[in-house]
Amino acid sequence: MAAEASKPIDSKVLWGGGRSPFSVSYGKLMMWFFLISDALTFGGFLGALGFARHKFEAVWPVTEQIFYHFPFVPHDIHLPLLYVALMTFILIVSSVTMVLAVEAGHRMDKKGVTKWLALTVVGGFIFLGSQAWEWSTFIHGSDHGVYKLNSGFTTELVTKDGDKTTADLGSGIVAEIQADESLLIKNGEFIGSTVTGEDAEAIKSTAEFVHGASLTRNEYGHQLYADFFFFITGFHGTHVLSGVILNLVILINVIKGVYHKRGHYEMVEKSGLYWHFVDLVWVFVFTFFYLV
Amino acid sequence: MSTQAHAAEHHKESFVSKYIFSHDHKMIAKQFLITGMVMATIGMAMSLLFRLQLAWPGESFSVLNFFLGDKWAPDGVLDPNMYLALGTIHGTIMVFFLLTAGLSGTFANLLIPLQIGARDMASGFMNMLSYWGFFISSVIMVISLFVESGPASAGWTVYPPLSALPQAMPGSGLGMTLWLVSMVFFIASQLIGGLNYIVTVINLRTKGMKMTRLPLTIWAILVTAILGLLSFPVLFSAALLLLFDRSFGTAFYLSDIYIAGEALTQTGGSPILYQHLFWFLGHPEVYIILLPALGLTSEVISTNARKPIFGYRAMVGSILAIGFLSFIVWGHHMFVTGMDPFIGAVFTFTTLLIAIPSAVKAFNYITTLWKGNIRFTPAMMFSIGMVSTFISGGLTGIILADSALDINLHDTYFVVAHFHIVMGLSAVLAMFAGVYHWFPKMYGRMMNMKLGYAHFWLTFISGYGVFFPMHFFGLAGVPRRYYTNSEFPMFDVFIDLNILVTVFAIIGGFAQLLFFFNFFYSMVRGPKASQNPWKSNTLEWTTPVEHIHGNWPGKLPEVHRWAYDYSKPGKEDDFVPQTVPLEEGEKDGEH
Ligand code: HEM
Ligand SMILES: [Cu+2]
């Protein structure tokens, strides 16, 4: 046991066998397996989201009614999902610049790597900034706030087509105050109908008034929507932030010439894998939260 | 630097870098083993304490007062909250700390590089991190035993709402928080370790070590690591959501709860969601425990039966099949959650399918033993014992898999009997087999055989003595996790049997002292081991007895045949190591 040592073994010495099976370095292989594992973490969250949504399909908020804002555009102009589409586009473009950085690395083109990697970092920052703006819009809420019906209200309704009907509004239904003091039903079966007169007053005096959204309130409908929104986009955002930091560190090393001296830019490739993964996950988050 | 020069070079190393922050896989394996043994001792002791209460409900014991103090055992009578806490931490320690990290951590680290012919793990540094993650998580779990409000008490599966509401019961407070924090470190350690194992097996096999020549231990460990990589992240998701419910007022798992007549404001979620996420990990987790145990058993049985393992390909196939199927059966833990009977039937079907590859393995062990020239070493005894418990516990699994039967049996002692026999006993017996078999490789000395036999028989008999009667409790409907059943007159018939169980538990617990003594005594005083004491074929026995950094002094060995050429016709010896080249016209592998 005397000669037993524990310093790391030089990787040239480590691999003494035949041909490396996939001709892939262990670092890259590890990154791949890590990403598979991380994909299952997101899988767990998205599965949970699906579970909740399936259970509360009737009162699940309509995304287009929440995310219609655009920076510097007045609130009464509705541009549903346009901003998040732009964010998504920027993130995808940053994946393209990452590919170009990796490609430049293969050619040992230090200038190229620097340029494309820097652009990737910028793309990441823009995405994070946009995410922050998106969150603040959601937290801030609509212009007026809503009444949240908890128990069933039997109410006189004016439907979208102008017909009158009496209906029982279940829990999780939200109603927005209109300019004429009537209440507009925002979700559920009677979406778009209004409640007027005495019935509207009754709701206002008994139902809970909610404005904006957080982990414990959500004016747009079911609470779990807000919980999952903050949780999943937050978890993804943390991944993006880590990716940006990783890329930034690597960028500094590129500029210092560390990888040039090493003779390969594999580090850029590894962080590239991570970055593509983060983008791919966003595509899923975008699809499941905003599109379907 | 050439390999020779590297190995020959004498490293002057400090105590810290050699024994503590070691990067060497052999040292890390020993660290995992010792830590696992310490944790197991705590877990075992806890079970003895709560077994006292179950055998003699409400009676006073000074040992209870001695270990738990006046707060948790006033006048020597176990406090009900502490009873739940003991059961919870016992389960957590045994499932995660001993049989997941302890078992895989020890044998994956020891055997992967040695059996595939590599100088070390792909990343020694990450390997070290993996151990220290495990260590920190163990320390946090142990600290949680000492907090004012007591450790986590919601059962090892920590179902909400008990786990989600700090005000639910004493153990739901700080104890539960520490449990979750400990698990976060644990999962990180598993992830880092698992990545390393997988990549090492794929990338660092020596020349000639084709996948079809890998010893079954390595196959089992590889598939285990992949299962861990795919299932632990889902536990991580579940735990994060739980943390949010506990601390940030979300309601992922909470709905319609009234505490002292007050409606809880957190509402709208579902505790069933947690169960889905948990068991998506939970079921693969039981195979994360079992597969390495099966792998070790395969190796020990073939070596000591002096026969090639029967059906190598079938064994590999069944490992892969079990790995795959384990992801689509989790619903069998949830038959009574109001699950749609059709979905219940689907889960019954997928669960029963697992019995097929399991049976393939059981029969292959038996056929390997059949007409073998068996050497009953202690390791072999433990392995054969493992085959026995694997079969008897597996059979009750088939009963539980039937959703109609499970509605009666769920959450009774029948389930406790099932999983303790099939998972607890099997994996523990296999782990002992592994330690007895590879002790010469770990410490360069032999363990005492006589003590080994005594240890085996006491452990094996008391293992069955503890868990077999539990089948009858369960069939009669005795619920698990109850502090006492003395309020139910119909269960009075089991009073004597319950005492018998506790007596066996005490015998089995103290029998482990034989092992501890044998282990530590042999470590310093045992007779020196020869290079290949069991006349085994695998590569680890071609390394020098003295551990060296890089494992082989010269070039890495080259592999020419599979690992199971025992008693091959036409050979002088009854074993042919993997490094011996094939002769003209000699066939490799199974025939
Ligand atoms: C033939 C194969 C098997 C079948 C069909 C089977 C079936 C089942 C079923 C249906 C349950 C749920 C019982 C209930 O809670 O009502 C169960 C519980 C359990 N099984 Fe198995 N099982 C098998 C093998 C195994 C193996 C090999 C292991 C571990 C290595 C294992 C570990 C467990 C554990 C830990 C539980 C209980 C967890 C808890 O509720 O705390 N089973 N098994
Ligand atoms: Cu299961």
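Just so we're clear, the structure is a prediction, and the values are computed from it rather than from any experiment.

Draft legend 1. Looking closely at the nonpolar core. The biggest cluster of nonpolar side chains holds 265 residues, and the ones touching the most others in it are A:F138 and A:F228. Counting residues per element, this core draws most heavily on helix α14 (residues 413-443) of chain B, which supplies 22 residues. The residues that make up this core include at least three from each of domain 1 (31-140 + 223-291) and domain 2 (146-210) of chain A. Leave out the neighbours within four places in its chain, and A:F228 touches A:F45, A:A48, A:L49, A:A52, A:T233, A:F289, B:F252 and B:L273.

Draft legend 2. Structural detail: the domain arrangement of chain A. Residues and elements named next belong to chain A. In terms of domain boundaries, chain A breaks down into domain 1 (31-140 + 223-291) and domain 2 (146-210). Here domain 1 and domain 2 have C-alpha centroids that lie 38 Å from each other. With five residues of domain 1 at the interface, the matching set in domain 2 holds eight residues. Interface area for domain 1 against domain 2, summed over the two sides, is near 430 Å², with a carbon-plus-sulfur share of 48%. Counting the surface domain 1 buries against domain 2, the share from its top three residues, A58, V59 and Q65, is 74%. Put simply, domain 1 and domain 2 have zero salt bridges between them. Inspection of the domain 1/domain 2 interface yields zero residue pairs in polar contact (both at pLDDT 80 or more). Classifying every residue of the side of domain 1 that touches domain 2 by side-chain character gives three nonpolar, two polar and no charged.

Draft legend 3. Looking closely at the UniProt feature "domain: Cytochrome oxidase subunit I profile" (unreviewed entry) in chain B. Here the UniProt-annotated "domain: Cytochrome oxidase subunit I profile" (unreviewed entry) positions come out as residues 15-584 of chain B. Measuring from the first to the last C-alpha atom of residues 15-584 of chain B gives 50 Å, for a span that is 64% helix and 1% strand.

Draft legend 4. Representation of the coordination of the copper ion (ligand 2). B:H283 (ND1), B:H332 (NE2) and B:H333 (NE2) make up the full set of protein donors to the copper ion (ligand 2), lying at 1.8 to 2.1 Å. On the primary sequence, the residues serving as donors to the copper ion (ligand 2) are separated as H-x48-H-H.

Draft legend 5. Examining the site of ligand 1 more closely. Residues and elements named next belong to chain B. Around ligand 1, a shell composed of 21 residues is seen, among which W156, D406, H410, H418 and R480 lie nearest. Interatomic distance of 2.9 Å between a side-chain N/O atom of H418 and a nitrogen atom of ligand 1. Elements represented by at least two residues in the shell around ligand 1 include exactly α9 (271-305), α12 (378-401) and α14. Grouping the constituent residues of the shell around ligand 1 by class yields 12 nonpolar, seven polar and two charged.

Draft legend 6. Expanded view of the packing of aromatic side chains. All names here are of chain A. Inspection of the entire model under this criterion finds 84 aromatic pairs over all chains. For the pair F42 and F235, a centre-to-centre distance of 5.2 Å together with 65° between the ring planes defines the contact as edge-to-face. Of this pair, F42 sits in helix α2 (residues 26-55) while F235 sits in helix α7 (residues 223-256), and the two are 193 residues apart along the sequence. The exposure classification of F42 matches that of F235, with both residues buried.

Draft legend 7. Structural view of the side chain of B:N551. Residues and elements named next belong to chain B. Mapped onto the fold, N551 is located in the segment after α16 (495-525). Among the polar contacts listed, one links the side chain of N551 to the backbone oxygen of A118, at a separation of 3.0 Å. Those residues within four positions of N551 in sequence are excluded, and the remaining contacts are H25, K26, P113, L114, A118, R119, D120, T543 and P544.

Draft legend 8. Structural view of a nonpolar patch on the surface. Residue and element names in this part refer to chain B. Where nonpolar side chains cluster on the molecular surface, the patch consists of F135, I136, V139, I143, V181 and F185 and spans about 430 Å² of accessible area. Taken together, the elements giving at least two residues each to the nonpolar patch come down to α6 (124-143) and α7 (174-203). A per-element tally of the nonpolar patch places α6 first, with four residues. In this fold, V181 is placed in helix α7.

Draft legend 9. Region of interest: the packing of α14(B) against helix α15 (residues 449-475) of chain B. Residue and element names in this part refer to chain B. Following both chains from N to C, one finds α14 and α15 inclined at 170°, their axes separated by 7 Å at the closest point. When the axes of α14 and α15 are compared, the pair comes out roughly antiparallel. As α14 packs across α15, the resulting crossing turns out to be left-handed. Split into classes, the residues belonging to the contact of α14 with α15 amount to 16 nonpolar, eight polar and no charged.

Draft legend 10. Quick peek at the side chain of A:E134. Residue and element names in this part refer to chain A. Tracing the backbone shows E134 in helix α5 (residues 110-140). Summary of buried charges: E134 has no salt-bridge partner, and the nearest side chain of opposite charge, R53, is 14 Å away. Not counting the four nearest positions on each side in its chain, E134 is found in contact with F67, Y83, V84, F229 and Y290.

Draft legend 11. Here's a closer look at unusual backbone geometry. Cis geometry is adopted by the peptide bond preceding B:P161, which originates at B:P160 and carries an omega value of 5°. Its place among the elements puts B:P161 in the loop between α6 and α7. If you check the backbone angles, A:L81 has positive phi at about 60° while not being a glycine. When you line up the elements, A:L81 lands in the loop between α3 (63-66) and α4 (82-106). We classify A:L81 as buried; its relative accessible area is 12%. Even without being glycine, B:V158 reaches a positive phi, approximately 35°. Note that B:V158 resides in the loop between α6 and α7. Residue classification places B:V158 among the buried residues on the basis of a relative accessible area of 1%.

Draft legend 12. Local environment of the coordination of the iron atom of ligand 1. All names here are of chain B. There is one protein donor for the iron atom of ligand 1, and it is H418 (NE2), at 2.1 Å. A spacing of 4.7 Å is found between the iron atom of ligand 1 and the copper ion (ligand 2). As for its placement among the helices and strands, H418 is situated in helix α14.

What counts, and at which threshold
Residues numbered from 1 in each chain as written. Chains lettered and ligands numbered in written order. Predicted model: local features only at pLDDT ≥ 70, side-chain atom pairs only at ≥ 80, totals over all residues. Heavy atoms only, no water. Core = buried A, V, L, I, M, F, W, Y, C linked by side-chain atoms within 4.5 Å. Buried < 20%, exposed > 50% of the residue type's maximum accessible area, 1.4 Å probe, protein only. Helix = DSSP H or I, 4+ residues; strand = E, 2+ residues; numbered from the N terminus. Domains from an automatic or database assignment. Contact = heavy atoms within 4.5 Å. Buried area = accessible area lost by both parts, 1.4 Å probe. Salt bridge = Lys/Arg side-chain N within 4 Å of Asp/Glu carboxyl O. Polar contact = N/O pair within 3.5 Å; in protein donor to acceptor, adjacent residues only side chain to side chain. Nonpolar A, V, L, I, M, F, W, Y, C, P; charged D, E, K, R; others polar. UniProt positions renumbered as here; feature names shortened; annotations may be inferred. Donors = N, O, S within 2.8 Å, 3.2 Å for Na, K, Ca; no water. Near = heavy atom within 4 Å. Phe/Tyr/Trp six-rings, centres within 6.5 Å; stacked < 30°, edge-to-face > 60°. Patch = residues over 30% accessible without salt bridge, like charges linked within 9 Å, V, L, I, M, F, W, Y side chains within 5 Å. Areas by Shrake-Rupley, 256 points an atom, 1.4 Å probe, with all protein chains shown as cover. Axes fitted to C-alpha atoms, helices over the stretch in contact; angles between N-to-C directions. Parallel < 35°, antiparallel > 145°, perpendicular 65-115°, else oblique. Left-handed = near helix turned anticlockwise from the far one by under 90°. Lys, Arg positive; Asp, Glu negative; His and termini not counted.

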